[in-house]
Amino acid sequence: MRDSSRTAVLRLEDSREGFAAARDFTHRTLDGWSLDRCADDAATVVTELAANAVLHGVPHPSTDHFGVRLRLTLRRRHLMCAVTDPGDGLPVYPHTGDELLEHGHGLHIVEALSEHWGWTRRCPVGKTVWAMLPTDPHL
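Described below are features of the structure shown in this document. (Residues numbered from 1 in each chain as written. Predicted model: local features only at pLDDT ≥ 70, side-chain atom pairs only at ≥ 80, totals over all residues. Heavy atoms only, no water.)

### Let's talk about the overall build of the protein chain
Right, on to step 1. Within the protein chain, the regular secondary structure consists of three helices and six strands.
Right, on to step 2. Counting from the amino terminus, helix and strand elements in the protein chain follow one another as β-β-α-α-β-β-α-β-β.
Right, on to step 3. A fraction of 62% describes how many contacts in the protein chain between residues 6 or more apart in sequence connect residues 24 or more apart.
Right, on to step 4. Accessible surface, the protein chain: about 8300 Å² in total, of which carbon and sulfur atoms supply 52%. (Helix = DSSP H or I, 4+ residues; strand = E, 2+ residues; numbered from the N terminus. Contact = heavy atoms within 4.5 Å. Areas by Shrake-Rupley, 256 points an atom, 1.4 Å probe, with all protein chains shown as cover.)

Given below as C-alpha cells:
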C-alpha cells in the first residue's frame, strides 16, 4: 500500500477478501480526504473494476508477479478510480438485452456511477481501466 496526500495505491488479492479490502481501503482513503459523500459510489466502482480485472485480466493468478493494483487519485473536481491488471484483453462493454443475466453488468454499473470511464494500455503488458467520479456535490 502506498499513500500520498492525493494518491493512494493498494495491491489487490484475487479473492473475495481482496475485494473487501479494496472497498475498505476506498472508504478509509475517502474518509481521510473528506469525501464521504462519494464513498459508496466509489467503493461500488472499485469493486466492479477489481472483479473484472481478476476475472478477465489475470491469466494465472498463482504465478502472476505483476498483480492487480488499485489507484485512487484525487483531482480538482474528480476522484479517479483506476485498476491495473496484466491482461492484454480489452474491456468488453456487453450490449445485452437480458437484464436478468447474473453477470455482465459491471461496466454498465461503472458507467452509471461515473462521469467518464475508459481504459489505457500499459507497457510492456496489461491495461488500466479507470472511472472518474465527480467530487463536487453541486455538479
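### Observations regarding unusual backbone geometry
Right, on to step 1. Residues Cys123 and Pro124 are joined by a peptide bond in cis, for which omega reads 5 degrees.
Right, on to step 2. With respect to the helices, strands and loops of the structure, Pro124 is situated in the loop between strand E5 (116-121) and strand E6 (127-134).
Right, on to step 3. Here the phi dihedral of Ser34 falls at roughly 55 degrees; this positive angle occurs in a residue that is not glycine.
Right, on to step 4. Structurally, the position occupied by Ser34 is in the loop between helix H1 (16-32) and helix H2 (39-57).

### Some remarks on helix H3 (residues 106-113)
Residues lying three or four places apart along an α-helix face the same way, a consequence of the helix completing one turn every 3.6 residues.
Right, on to step 1. Taken residue by residue, H3 has Gly106, Leu107 and Val110 as its buried positions. The buried residues of H3 occupy an angular sector of 90 degrees when the element is viewed end-on, so they sit on one face. (Buried < 20%, exposed > 50% of the residue type's maximum accessible area, 1.4 Å probe, protein only. Arc of directions from axis to C-beta.)

### A few points about the nonpolar core
Right, on to step 1. Leu30, Trp33, Leu70, Leu72 and Cys81 are the most contacted members of the largest nonpolar core, which totals 31 residues.
Right, on to step 2. The dominant element in this core, judged by the number of residues it contributes, is H2, at nine residues. (Core = buried A, V, L, I, M, F, W, Y, C linked by side-chain atoms within 4.5 Å.)

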